[in-house]
Amino acid sequence: MDNRQIEMDFLKSSVRDYEEKAISGIGLGIPQPEMQKSYPNDAVLVDLPKIDKSSSPQMSFFDCTSQRCSRRYYNEKQLSLFELSFILWCTQGIKKVIPGYRKYTKDGRNALRPVPDPNCIFETYIAALNVENLQQSLYRYLPFSHQLVLYKEINDLAEKVAESFNNPMQNQDYTKKAGAVFYWTNIPYRAEWRNKDRFARGIIMGIGHVSQNFYLATEALQCGCVSISGYLQGKADTLLGVDGENELTILCGAVGHVDTDNRDVYAQLPDLRSIDI
């Protein structure tokens, strides 16, 4: 089978006329996977500012969606800890944990999140390059307590981050200047446990939801961001210390403050809908 046919088959629905969960881990009595990776008892934790309606930016949904675009040119202003907290909550926060899958398991749980991800199939790592009150290090987000755990201290972090991307004149350059660079990883078995035959499609759709909220949250803060698929798998996984099989990088993103004249990066371009071609 050629590569194009493999890609085409991946795009097609694999739903069949049978109870898929019955043949997946959930239906075979295998315990539900952990919904958040553990961390050492002596780990350094950072409490993040609480996110609620009163503290959140009030930009309208229409403005967030109509102004949304990729922004890659960041100034030297630090991201505030609140801004980082807001983006983390919007992309991977947890609103509530409720009983779930009780047809199959007596102690199953579902997480209600700002994005559709009840099994918590992603982990979020943050390379804090220019964030107030955070040393320049690699952190991991703990959504159940809304905290950061200091994951790894790395010398020349900005350079190491840049090396995990391709295209030296673009991806490597602007990521070094970002306030923070996000690395979302996936733990495939968390999805496979529930949907054995089509877990990969669920992962891809799920990270799309995360990416869109990344943009909308950043827009609400009047910052700038870009999702980055042009990462080098091996180097990104090595930077994060994951094995590329049981856990692997699935998407990256850069975020920072942008100058006012860089916010409307497409304003000077013509709208081709009004031009005869």
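You'll find the structure just up there.
Residues numbered from 1 in each chain as written. Predicted model: local features only at pLDDT ≥ 70, side-chain atom pairs only at ≥ 80, totals over all residues. Heavy atoms only, no water.

1. Quick word on the overall build of the protein
A count of helices and strands for the protein gives 10 helices and 9 strands. Relative to the 2.2 N^0.38 estimate, which gives 19 Å for 277 residues, the radius of gyration of the protein is 20 Å and therefore close to what a compact globule would have. With respect to the principal axes defined by its C-alpha atoms, the protein has extents near 60 × 55 × 40 Å. Across the 277 residues in the protein, those meeting the buried criterion constitute 48%. Of the accessible surface of the protein, which amounts to about 14,800 Å², a share of 51% is contributed by carbon and sulfur atoms. With 31 positive and 34 negative side-chain charges, the protein shows a separation of 6 Å between the mean positions of the two kinds. (Helix = DSSP H or I, 4+ residues; strand = E, 2+ residues; numbered from the N terminus. Rg over C-alpha atoms; globule rule 2.2 N^0.38 Å. Buried < 20%, exposed > 50% of the residue type's maximum accessible area, 1.4 Å probe, protein only. Areas by Shrake-Rupley, 256 points an atom, 1.4 Å probe, with all protein chains shown as cover. Lys, Arg positive; Asp, Glu negative; His and termini not counted. Charge placed at Lys NZ, Arg CZ, Asp CG, Glu CD.)

2. Some remarks on the pairing of strand β9 (residues 248–256)
Taking burial as the measure, the 9 residues of β9 include 8 buried ones, the bulk of the element. As defined by bridge partners, strand β7 (residues 180–186) adjoins β9 across 7 bridges and the pair is classed as antiparallel. Paired with Phe182 across the bridge in β9 is Gly253. (Pairing = 2+ DSSP bridges.)

3. With respect to a nonpolar patch on the surface
The grouping of Phe10, Leu11 and Ile204 at the surface amounts to a nonpolar patch, some 280 Å² of accessible area in total. Residue position: Leu11 is located in helix α1 (residues 3–11). What makes Leu11 exposed here is its relative accessible area of 60%. (Patch = residues over 30% accessible without salt bridge, like charges linked within 9 Å, V, L, I, M, F, W, Y side chains within 5 Å. Salt bridge = Lys/Arg side-chain N within 4 Å of Asp/Glu carboxyl O.)

4. Concerning the packing of aromatic side chains
Under the definition given, this model contains 7 aromatic pairs. Judged by centre distance (5.5 Å) and plane angle (35°), the ring pair of Phe182 and Trp184 falls under tilted. Trp184 shares its class with Phe182; the two are buried. An aromatic cluster of three or more residues is present, and its members are Phe182, Trp184, Phe214 and Tyr215. Taking the ring centre of Tyr215 as reference, the NZ or CZ of Arg68 above it sits at 4.7 Å. (Phe/Tyr/Trp six-rings, centres within 6.5 Å; stacked < 30°, edge-to-face > 60°. Lys NZ or Arg CZ within 6 Å of the ring centre and 35° of its normal.)

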